[in-house]
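As a plain string of letters, each chain reads:
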Amino acid sequence: MAYYSHVSTGWNSLDCIIDHLRRGDNVVWQVDNIDSYRKMVSNFVNHAIANHERVVYMRFGRHGPLLEPRPNLCIYTLNVAAGFESFSSEVHSIITREGKDIFYVFDSLSDLLYEWATDLMIVNFFFVTCPYLYELRTIAYFAILRNCHSFKAIARIRETTQVLIDIYSHQRKLCVHPIKIQDRYSPTMFFPHIKARDQLVPVINSVEATQLFSNLLREKAVNAQRIMDYWDRIFIQAQKLLESGATSAEKKDKVEQLSRLVLSRNKRVLEIIRRFMSLEDLLQIKERLIGTGFIGGKALGMLLSRKILMQDQALDWAEILEHHDSFYIGSDVFYSYIVQNGWWKLFMAHKTREGFFTKAAELKANILEGRFPESIRERFQLMLEYFGQSPIIVRSSSLLEDAFGSAFAGKYDSFFCVNQASPDKRYENFEEALKRIFASTLNEDALAYRLQRGLDQMDEQMAILVQRVSGAYHKNCFFPELAGVGLSHNPYVWKKNMDPAAGMLRLVMGLGTRAVNRVENDYPRIVAMDEPSVKPLGGLWDLKKYSQHYVDYLNLEENELQTTALRDLVAKQLDIHLESIGVRDTESRHYAGEGVPPDQDQWILTFDHFFTHTPFIRIMAGMLKRLEQAYATPVEVEFTVNTNAAQDIQINLLQCRPFQTIGGQTKVAIPEKIPPANIFIQTEGNFMGGNVSLPVGTIIWVDPSPYANLSLSDKYSVARLIGKLNRKVADRRTRATMLMGPGRWGTQTPAMGVPVTFSEINHITALVEISYRAGSLIPDLSFGTHFFHDLTEANIFYAAVYPERSDVTFHPEWIAQQPNALSRIDPEAVRFDPVVKVIHLDDGELILQSDIQTQQMICYRV
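Presented here is an overview of the structure given in this document. Bear in mind the structure is a predicted one, so any value in this text is a computation, not a measurement.

Right, let's talk about the overall build of the protein for a bit. Each helix and strand in the protein was counted, giving 28 helices and 37 strands. In terms of C-alpha radius of gyration, the protein reaches 32 Å, essentially the compact-globule figure of 29 Å for 862 residues. Over its C-alpha atoms, taken along the principal directions, the protein stretches across nearly 100 × 65 × 50 Å. In the protein, which comprises 862 residues, the proportion classed as buried is 58%. Nonlocal contacts in the protein, meaning residues at least 24 apart in sequence, comprise 73% of its contacts between residues at least 6 apart. Per element, the accessible surface of the protein, about 35600 Å² overall, is 51% carbon and sulfur. If you average the places of the 92 positive and of the 100 negative side-chain charges in the protein, the two averages end up 5 Å apart.

What follows is the structure, given as structure tokens:
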């Protein structure tokens, strides 16, 4: 193939006007209809193929095909519905594979509006694709339909492309008007040209030119609405439909259209939306939406669950539910932020298999230093002015978050903005929180979670939910009276005949951060909804020790989230009614901290009085059951509890998502007579994972005693070693690995357990926490936290073992008799041989079984 810098459009007269095309040109045709573009494409492709050029056709439009299959023409059919990221990534990959000097034809970019609904994302796609095509010295044809896009979008496309040509009809004659021809010039190049036979004749006569441009100006006046993005026009149409007295069917059709643009693409979620959300609801969301795109899973779950309850007649939810007063930052802002800061190429490198983790750190650092467009910054300012000095929380709400089968619990960040500084400082704090949440999409745990679930190539745009913090002012402190997590299915029934279907709560005083995270040295209240007065481990351990001792709150003077001991909070003499949630601890007055008067009351938070003297349990049980019915699956909610002036309970429903339970329901036949010498572990209760019968192929054992004596740095080294061993697990479906160790797995404090991240234990089949009191390494039965959400989603069986209890059988000496394969697997880890042991077992040698009904869990040698 001969190589020429100048390339023909296939129309000699047009070549003469624009001085031919150049290698690297992106050519945009603005047309009235697709047939006009098809003619230009036909000329171009016929000439290219006749000259033995390779032509690639990117097929994605709703319009008829521009080209039919023929030799030397490659047709790629693309899926626009998969979203901006997937579509752009696929195009990028094709361009990379095809290489240099290829001729491209793209379907009409205007057809992308049917799925993306915003000019912004079309401009973003063009902005990231054209420079790459230019680099590879290709020629690429694109089309946009006249009057479909805002003037701002056309200006951005004109700015990016090398060639922009307008085609329209004037007095039934074809008019070709070059608008931009980069690096070329002639005295008549930018005049309109009228087709006469096969020639293009410039309109240079003043009379003809005046008539032509007058007609064009009249057309533009008629289409003055084009100042707005297509996105805004869709919602204006929806508002007019609502005001016009449209039929129920017409409104439902519009709800369907808008839901797919703002709420979700998931068919299962859309079915629930159809049942409970109205056109008015969608328009109210638009009023609070900054930017365009989806509001994300967390925001949707919050709104949808509220709508479900408001249509429930069993309780007066309008009086019970606190108003949410939220704003939403659309998911398109996330991609626009990456595109407009010039990081898309790095983002594409991160999306490759080899760059998925390695490029993430670089991109994450960049995200923290980027700049938002001025128009978006102005909207942020207006939102912050609305909230004033009220504390707000900036929460992640990604596309995949809180979805069926992928909760992403705790994978992305959320931040409180206490909002007590100057307006400039408040804005700075807000924008920093926003960037940190964007950056959290690249956290290693989040990436590992996506990879494990096959979501690594799916769109994962980060939308943002901004909420007024629920609570009240107590002098210089701000916090809700109570907060917690609710599960409609109780995965942790610790007593015979307790009903898992009744659900459970994890409840704290103050901010809910202590309810959703595994907290150190603290024990939020776990509540079985069918028996709220019954406590886990009750009567076995000291009630005082295993209750809540610390409270999270917002310090208004220091403008930050803080944690304080309950006794110190009581000493501040705030207006807190502890009588309803606690009991006085008269024995502990002499333990009062510095600054606490010796006669100051000390409290143990039991919440018992609150359960028995208020309708709280009835309200929460009704909420969980109704939401479970609507979702047709167990659900998890986050909530706060306050009281109004009349002392009535007010629930702020902050979040709702499907909750994935684990373990089968089929009863497991545990052998009645197992020789005592063969029993490795036997316990009643304190496990999660349903009914299982699991042959264990490998045990990874962290010995409590030598681990407790390690230095701080060596404890972290052990955690990283567990991560390496976790990655070597070949196939958890065919060979189960049981991980056993002291205290709390996943703790942030090595003195409390092994500080692994979830991505360091995600290939394990069974996880066991062992109580070792000599080192204060105590398991944390923190069901309902993000950590335990991860276990259920990864289908990891969990058990806590308390060797000091008389009803527990545990024989760690059997472990000591087994050969250690650690040094063979990882020779560099030989120094940890006394601490970490890897035991490979013969098939069927060790069996783990559990039965929910009898609350029996046993692990024994066959």
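What follows concerns the layout of surface pockets. Taken as a whole, the second largest pocket encloses approximately 660 Å³ of empty space. Forming the boundary of the second largest pocket are 25 residues, of which Leu-120, Lys-152, Asp-229, Thr-292 and Ser-375 lie nearest the centre. Looking at the lining of the second largest pocket, the elements with two or more residues in it are helix 5 (119–135), helix 6 (151–160), helix 8 (230–243), strand 12 (289–290), helix 14 (332–340) and helix 17 (374–387). Residue composition of the lining of the second largest pocket, grouped by class: 11 nonpolar, seven polar and seven charged.

The tally for this structure, following the rule as stated, stands at 35 salt bridges. For Glu-53, the salt bridge identified is with Arg-23, shortest N-O distance 3.2 Å. Within this pair, whereas Glu-53 is found in the loop between helix 2 (34–50) and strand 4 (55–59), its partner Arg-23 is found in the loop between strand 2 (21–22) and strand 3 (26–31), the two being separated by 30 residues in sequence. Judged by its relative accessible area of 7%, Arg-23 is buried. Across the pair Asp-714 and Arg-831 runs a salt bridge, and its minimum N-O distance is 3.2 Å.

Moving on: the environment of Arg-426. In this structure, Arg-426 sits in helix 18 (residues 423–439). Overall, the relative accessible area of 13% leaves Arg-426 in the buried class. Sequence separation between Arg-426 and Val-31 is 395 residues; the distance between their C-alpha atoms is 47 Å. Engagement of the side chain of Arg-426 in a polar contact is seen with the backbone oxygen of Ala-421, the distance being 2.9 Å.

Under the counting rule described, the total for this entry stands at 38 aromatic pairs. Measuring from centroid to centroid gives 5.3 Å for Phe-327 and Tyr-386, while their planes differ by 65 degrees, and the two rings are edge-to-face. Of this pair, Phe-327 sits in strand 13 (residues 326–329) while Tyr-386 is found in helix 17, placing the two residues 59 residues apart along the sequence. Judged by relative accessible area, which is 40%, Tyr-386 ranks as partly exposed. Ring centres 6.1 Å apart and planes at 75 degrees place the aromatic pair Tyr-335 and Phe-347 in the edge-to-face group. On the criterion of sequence distance, the pair formed by Tyr-335 in helix 14 and Phe-347 in helix 15 (residues 344–350) is long-range, its members being 12 residues apart. Note on accessibility: Tyr-335 and Phe-347 belong to one class, buried. In this structure, Arg-62 is placed above the aromatic ring of Tyr-114, and the distance from its NZ or CZ to the ring centre is 3.8 Å. The ring of Tyr-707 carries Lys-715 above its face, with NZ or CZ at 5.5 Å from the centroid.

Turning our eyes to something else, we now look at helix 2. Its 17 residues give helix 2 an end-to-end C-alpha distance of 24 Å, which sits within 8% of 24 Å, the value for a rise of 1.5 Å per residue. Count one or two residues on from helix 2 and you reach His-52, which has phi positive near 60 degrees.

Right, let's talk about the nonpolar core for a bit. Counting 84 residues, the largest nonpolar core has Ile-295, Met-509, Phe-616, Met-623 and Ile-651 as its most contacted members. Counting residues per element, this core draws most heavily on helix 23 (residues 616–631), which supplies nine residues. Every residue in contact with Ile-651, bar those within four places of it in the chain, is listed here: Ile-320, Leu-321, Glu-322, Phe-616, Ile-619, Met-620, Met-623, Phe-639, Thr-640 and Val-641. Formed by 83 residues, the second largest nonpolar core is a distinct cluster that contains Tyr-104, Met-121, Leu-136 and Ile-157.

What follows deals with the environment of Phe-356. Within the element layout of this structure, Phe-356 appears in the loop between helix 15 and helix 16 (360–367). Sequence separation between Phe-356 and Leu-442 is 86 residues; the distance between their C-alpha atoms is 9.2 Å.

Let us now look at empty space enclosed by the protein. By the definition in use, this model includes three cavities of 30 Å³ or more. Residue lining of the largest cavity: Phe-84, Glu-115, Trp-116, Met-121, Trp-231, Arg-260, Leu-261, Arg-265, Gly-293, Phe-294, Asp-332 and Gln-461, and that is the complete set. Those elements that provide at least two residues to the lining of the largest cavity are helix 4 (113–116) and helix 9 (248–262). Among the residues making up the lining of the largest cavity, the classes are represented as six nonpolar, two polar and four charged. Roughly 90 Å³ of volume is contained in the second largest cavity. Contributing to the lining of the second largest cavity are Glu-85, Phe-334, Ile-338, Phe-347, His-350, Lys-351, Leu-363, Ile-367, Thr-441, Leu-442, Arg-450 and Glu-460. Listing elements by their share of the lining of the second largest cavity, those giving two or more residues are helix 14, helix 15 and helix 16.

With that settled, the discussion passes to the sheet that holds strand 12. Reading across the sheet, the five strands line up as 12-13-16-14-15 and stay open at both edges, with mixed pairing between neighbours. What marks the edges here is a single partner per strand, and that holds for strand 12 and strand 15 (414–417). Of the pairings in the sheet, the one linking strand 12 to strand 13 comprises two bridges and is parallel in character. Each bridged residue has a counterpart across the sheet, and for Ile-290 the counterpart in strand 13 is Ile-329.

Another point: the pairing of strand 13. Residues of strand 13 alternate between two faces, with Ser-326 and Tyr-328 on one and Phe-327 and Ile-329 on the opposite face, all of them buried. Relative to strand 16 (residues 462–468), strand 13 is paired through four bridges, and the arrangement is antiparallel. When the bridges of strand 16 are listed, Phe-327 appears paired with Val-466.

Strand order across the open sheet formed by nine strands is 5-4-6-7-3-8-9-10-11, with mixed pairing between neighbours. Strand pairing shows two members of the sheet lacking a second neighbour, strand 5 (73–77) and strand 11 (199–202), which therefore form its edges. Looking at each pair of strands side by side, their axes are set apart by 25 degrees on average, direction ignored. Looking at chain direction, strand 3 and strand 8 (residues 163–170) are connected through four bridges and run parallel. Of the residues in strand 8, the one forming a bridge with Val-27 is Val-163. Across the face of the sheet, helix 6 comes into contact with strand 3, strand 7 (139–145), strand 8 and strand 9 (173–181) while running at roughly 65 degrees to strand 9.

Another aspect to go through is the packing of helix 12 (residues 297–310) against helix 23. Geometrically, a packed helix pair is captured by the angle between its two axes and the distance between the axes. Orientation of helix 12 relative to helix 23, taken along the N-to-C sense of each, is 105 degrees, at an axis distance of 10 Å. Relative to helix 23, the element helix 12 lies roughly perpendicular. Counted together, Gly-301, Leu-304, Ser-305, Ile-308 and Leu-309 of helix 12 and Met-623, Arg-626, Leu-627, Ala-630 and Tyr-631 of helix 23 form the full contact between these two elements. Tallied by class, residues from the contact of helix 12 with helix 23 come to seven nonpolar, two polar and one charged.

What follows deals with unusual backbone geometry. Phi at Asp-325 takes a positive value of approximately 50 degrees, unusual for a residue other than glycine. In this fold, Asp-325 is placed in the loop between helix 13 (317–320) and strand 13. On the accessibility criterion, Asp-325 (8% relative accessible area) is buried. At Gln-573, a position not held by glycine, the phi torsion is positive, near 55 degrees. Note that Gln-573 resides in the loop between helix 21 (566–571) and strand 24 (582–584).

A separate point is helix 6. Of the residues making up helix 6, those classed as buried are Ala-153, Ile-154, Ile-157 and Thr-160. Looking straight down helix 6, one finds its buried side chains confined to an arc of 125 degrees; they lie on one side. Helix 6 presents Lys-152 and Glu-159 as exposed residues on the side facing more than 90 degrees away from its buried surface. On its buried face, helix 6 is in contact with strand 3, helix 5 and strand 7.

Conventions we followed
Residues numbered from 1 in each chain as written. Predicted model: local features only at pLDDT ≥ 70, side-chain atom pairs only at ≥ 80, totals over all residues. Heavy atoms only, no water. Helix = DSSP H or I, 4+ residues; strand = E, 2+ residues; numbered from the N terminus. Rg over C-alpha atoms; globule rule 2.2 N^0.38 Å. Buried < 20%, exposed > 50% of the residue type's maximum accessible area, 1.4 Å probe, protein only. Contact = heavy atoms within 4.5 Å. Areas by Shrake-Rupley, 256 points an atom, 1.4 Å probe, with all protein chains shown as cover. Lys, Arg positive; Asp, Glu negative; His and termini not counted. Charge placed at Lys NZ, Arg CZ, Asp CG, Glu CD. 1 Å grid on protein atoms, 1.4 Å probe; cavity = no way out; pocket = protein on both sides within 12 Å on 5 of 7 lines; lining within 4 Å. Points joined across faces, edges and corners; volume = space filled by probe spheres on them. Nonpolar A, V, L, I, M, F, W, Y, C, P; charged D, E, K, R; others polar. Salt bridge = Lys/Arg side-chain N within 4 Å of Asp/Glu carboxyl O. Polar contact = N/O pair within 3.5 Å; in protein donor to acceptor, adjacent residues only side chain to side chain. Phe/Tyr/Trp six-rings, centres within 6.5 Å; stacked < 30°, edge-to-face > 60°. Lys NZ or Arg CZ within 6 Å of the ring centre and 35° of its normal. Expected span 1.5 Å × (residues − 1). Core = buried A, V, L, I, M, F, W, Y, C linked by side-chain atoms within 4.5 Å. Pairing = 2+ DSSP bridges. Axes fitted to C-alpha atoms, helices over the stretch in contact; angles between N-to-C directions. Parallel < 35°, antiparallel > 145°, perpendicular 65-115°, else oblique. Arc of directions from axis to C-beta.

Geometric descriptors of this kind do not, in isolation, establish any biological role.
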